[in-house]
Structure formats: C-alpha cells, structure tokens
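Observations on the model geometry
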Amino acid sequence: MKSKKILFINQEITPYVSDSELSHIGRELPQSILEKGYEIRTFMPKWGNINERRGQLHEVIRLSRMMIIFDDTDHPLIIKVASIPSTRIQVYFIDNDDYFTKRLMANDENGEEYEDNGERSIFFARGVLETIKKLHWTPDIIHCQGWIGNIVPYYVKTAYKDEPSFANTKIITSLFGNGLKKDIEKTFGQCLEFKDAHSDILKNYNDKFDFTEFEKLAIDYSDGVIEAGPGVNQQLVEYTKSKGIPFMSQAAATELDVDAYDNFYDSILE
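Residues numbered from 1 in each chain as written. Predicted model: local features only at pLDDT ≥ 70, side-chain atom pairs only at ≥ 80, totals over all residues. Heavy atoms only, no water.

Looking now at the packing of helix α7 (residues 211–220) against helix α8 (residues 234–242). Closest axis-to-axis distance for the α7/α8 pair is 11 Å, and the angle between their directions is 25°. On the basis of their axis angle, the class for α7 and α8 is roughly parallel. When you trace α7 past α8, the crossing you get is right-handed. Residue-level inspection shows T212, E215, K216, I219 and D220 of α7 in contact with α8, the latter providing Q235, L236, Y239 and T240. For the contact of α7 with α8, a count of residues per class yields three nonpolar, three polar and three charged. (Axes fitted to C-alpha atoms, helices over the stretch in contact; angles between N-to-C directions. Helix = DSSP H or I, 4+ residues; strand = E, 2+ residues; numbered from the N terminus. Parallel < 35°, antiparallel > 145°, perpendicular 65-115°, else oblique. Left-handed = near helix turned anticlockwise from the far one by under 90°. Contact = heavy atoms within 4.5 Å. Nonpolar A, V, L, I, M, F, W, Y, C, P; charged D, E, K, R; others polar.)

This part takes up the side chain of T212. Note that T212 resides in helix α7. A relative accessible area of 16% means that T212 is categorised as buried. A polar contact is formed between the side chain of T212 and the side chain of N233, at a distance of 3.5 Å. Excluding anything up to four places from it in sequence, T212 contacts N233, Q235 and L236. (Buried < 20%, exposed > 50% of the residue type's maximum accessible area, 1.4 Å probe, protein only. Polar contact = N/O pair within 3.5 Å; in protein donor to acceptor, adjacent residues only side chain to side chain.)

Another point: the pattern of salt bridges. All told, the structure shown has 21 salt bridges when counted by the stated rule. With its nearest N and O atoms 3.0 Å apart, the salt bridge here joins D183 to K208. Taken together, the residues D183 in the loop between β8 (170–175) and α6 (188–192) and K208 in the loop between α6 and α7 connect sequence positions 25 residues apart. Take D183: its relative accessible area is 36%, and that puts it in the partly exposed class. Among the charged side chains, a network of salt bridges with common partners joins K46, E52, K80 and D95. (Salt bridge = Lys/Arg side-chain N within 4 Å of Asp/Glu carboxyl O.)

Spelled out as structure tokens, the structure:
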C-alpha cells in the first residue's frame, strides 16, 4: 500500500529553538507520524537565533538561489537542511538575510514584534511551496503549525492550484494559544499578490487585520482545523465550526495523541 505523504510546515522545532509548545509538537508529531509509516517532509524558517554550527545546517545549492519576487522587489531564497539527532527526520530551513538570518522569531531583541511579520510569512510560504515543486514531491496533506504558515492554505488553493505537486493536496491548520499581538502591516496586501492570489481577498475580513483575522484567513482555505492545545481563542474555534470545516480538539490532551492525528488525517483524505 502506498504511503501517505505529509508536509509539515512548522514555525518552531526543538532542538533548533528553545523548548515551547510549538517547538515540542513540531518535533514530536512528525517523528511519530513517520513511525506510523507515513512519508514526510518538514520545513521551518531559519530564524536568526538558530546556531547553524551546532545544528549542523548546510545549504542545499541545487534548491537555493531562486528569487521570490513581490512588491517589485527580488528576495533571494536560500534552502538549508539538517537532520535531527537520533531521528530519521530531515528539516529544510527557509532562509533569507533580510527576513530570517539577521532577525529573531516574531520579536526583536527588545521584545518588540517586527512590523513586517505578515510579509515574512508570505516569503516563507512561497519559499516552501517553490521548494516542494523543485523536489518533485506531491504531499497528500500539508499541515501548518504556527502563524508563519498562515498564508500557505490561501496560496495552495489559488496561486498554486494548477501545480501538479498540489492538485489534490488537503490543508490542515493547527491553532495554538499564542500568536502575534500587533496588526498585520498595511503593505501585506500588495505583497500577497501572486498569480491567482489577490489582495481583494482581504475585503472579506475586518479592516483592522489583526492576528484573529490572519488566523481566519488560514482557516477559510483549510480542509481541516486542529485546536492543538489549551488557550486557543474560542472565537476561532466557533468560527471554524460555523464554516462546517472538519475540526479536532486536543485542548484537553496531556500528551501528544498520535492516533487522534492519524485518524484525523485519514478522515480528511476520505
């Protein structure tokens, strides 16, 4: 029987960044799903606080040096890779000097959120999807975990809908209790424009495009949504249910319930 293919798009993975709810599940879920016989690929940003020498990251020349163009600006895409020690998981890192290498995650050294986090998510999403195309890999499911992947569902269903790699791909978005505090920058819409992805879509959301609206955008283009832990905004849970989107809650789980994820994947693919 052909193995199902899952593309994990993670915001954080331990041991590359500090331990957190996101980084823990970013490490444990792909490993557990791999052990169940799935074929997986795993991506995350190459945040500036990642120690490349300690993590043994190296650039993949054949995948790198593409230009991601938006807002009339060329942004070089660099792909790095590393293997998590004592596992069979290989992690691909999306890198760019302006968006990732020279900066931390959502907040700078003073704890202030970066003003262009929405733009960073656009670069990351396109970087991942373009790399998957180059790998000639066709995921059955893309599972996005963390705000950095919020734009992926929209792009897969619009700009990349005719790409063979994504023609039959289902999208799952996990919701977490933490997120961005500042509104998404006003330039987000013009940066979003790419092929069949248009800024007009933002008219469907509040003019104050805050983190809740950003999450709604991800939900609207997902085929399944997971409440991945405690503290998730219940407005988003109710929003998901009102849309009739398949939903799974892990809010009360005390440890990773791999069987629940496995069953949810199966239900989405039915």
